[in-house]
Amino acid sequence: MAAPAVRMLLETQAVAEGKKVRHSAANATKLDPARQGVIEVFPRYPAAPQGGRRDGGFFVTWINLSAPRPGTRYGPTIMNPSEHINQMIADLPDWRGPMLADLRQTILATDPGIIEEWKWMGSPTWSLDGLIAVGNPHKNKVKLTFAYGAALPDPDNLFNGNDKGNTRRSIDIFEGRPVDKCALQDLVRAAVAYNRTHLKKNAPAAKRAKACKT
């Protein structure tokens, strides 16, 4: 794909997201045919998005071009959350990919109502009536953080992360040390129960109205 076409894609994406983005010739021509993608350039963020990298003051990640939109020659196909997670797993070159895939399957199998999303520029999340957990690969581990883990029973002592606040708790998974799937599913069920009974958005309408009056 020629550089002008790539620049056009970048400009289109920026306008669609309401962002002011500057491009350089280097940014516009860095293509990877093996991944059938083009560069998407974001303004500065406090931390690079998952799978992205710094490049000339911007963070760079990929837009999938394997299935252009009808009526356009190069129109980017924005991947859905599951496709993003699939791509993240496929891009991990070691044990972390299969581990994240296994955690994902275990969580989704716990309740058919659980949905997965792609948030915060590169984090797989799982929710049901509220956020359950966020999964992220790190350099030598996979971290699974429960949004309201501090309030959940953990009889199997799965929480071994450094979260010590009043809300989150996490599980750090290392190579060769898989998580007990039954215990993990118990935690997920407890998280769903907590969401349904403690999150304000799930309170009955009458109870919410009374709370507003008081």
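Preceding this paragraph is the structure being described.
Residues numbered from 1 in each chain as written. Predicted model: local features only at pLDDT ≥ 70, side-chain atom pairs only at ≥ 80, totals over all residues. Heavy atoms only, no water.

1. As for unusual backbone geometry
Put simply, the test is: A run of DSSP states H or I qualifies as a helix once it reaches four residues; a run of E qualifies as a strand once it reaches two. Both are numbered from the N-terminal end. A 1.4 Å probe rolled over the protein chains alone gives each residue an accessible area, and that area as a share of the maximum for its type sets the label: buried under 20%, exposed over 50%, partly exposed in between.
The phi dihedral of D129 falls on the positive side, at around 60°, and the residue is not glycine. Considering the arrangement of structural elements, one finds D129 in the loop between strand 5 (123-127) and strand 6 (131-137). Look at D129 and you get partly exposed, because its relative accessible area is 33%.

2. Considerations on helix 3 (residues 81-91)
We count it as follows: Regarding the arc, it is the one traced by the directions from the helix axis to the C-beta atoms. Residue contacts are counted whenever heavy atoms from the two residues lie within 4.5 Å of one another. Nitrogen and oxygen atoms within 3.5 Å of one another constitute a polar contact, given that in protein one can donate a hydrogen and the other can accept it, and given that sequence-neighbouring residues count only through two side-chain atoms.
Listing the buried residues of helix 3 in full gives H84, I85, M88 and I89. Each buried residue of helix 3 lies within a common arc of 135° when the element is viewed along its axis, so the set occupies one face. Close packing links the buried residues of helix 3 with helix 4 (96-110), strand 4 (115-119), strand 5 and strand 6. For helix 3, the N-terminal capping position is held by N80, with its side-chain oxygen 3.1 Å away from the main-chain nitrogen of S82.

3. Quick look at helix 5 (residues 181-198)
To keep things clear, this is the line we draw: Expected span, for any helix, means 1.5 Å times one less than how many residues it has.
Between the first and last C-alpha of helix 5 there are 25 Å, a value that for 18 residues agrees with the 26 Å anticipated at 1.5 Å per step. Of the positions making up helix 5, those classed as buried are A183, L184, Q185, L187, V188, A190, A191, V192, Y194 and N195. Against the buried residues of helix 5 lie helix 4, strand 6, strand 7 (142-146) and strand 8 (169-173). With a side-chain oxygen lying 3.0 Å from the backbone nitrogen of C182, the N-terminal cap of helix 5 falls on D180.

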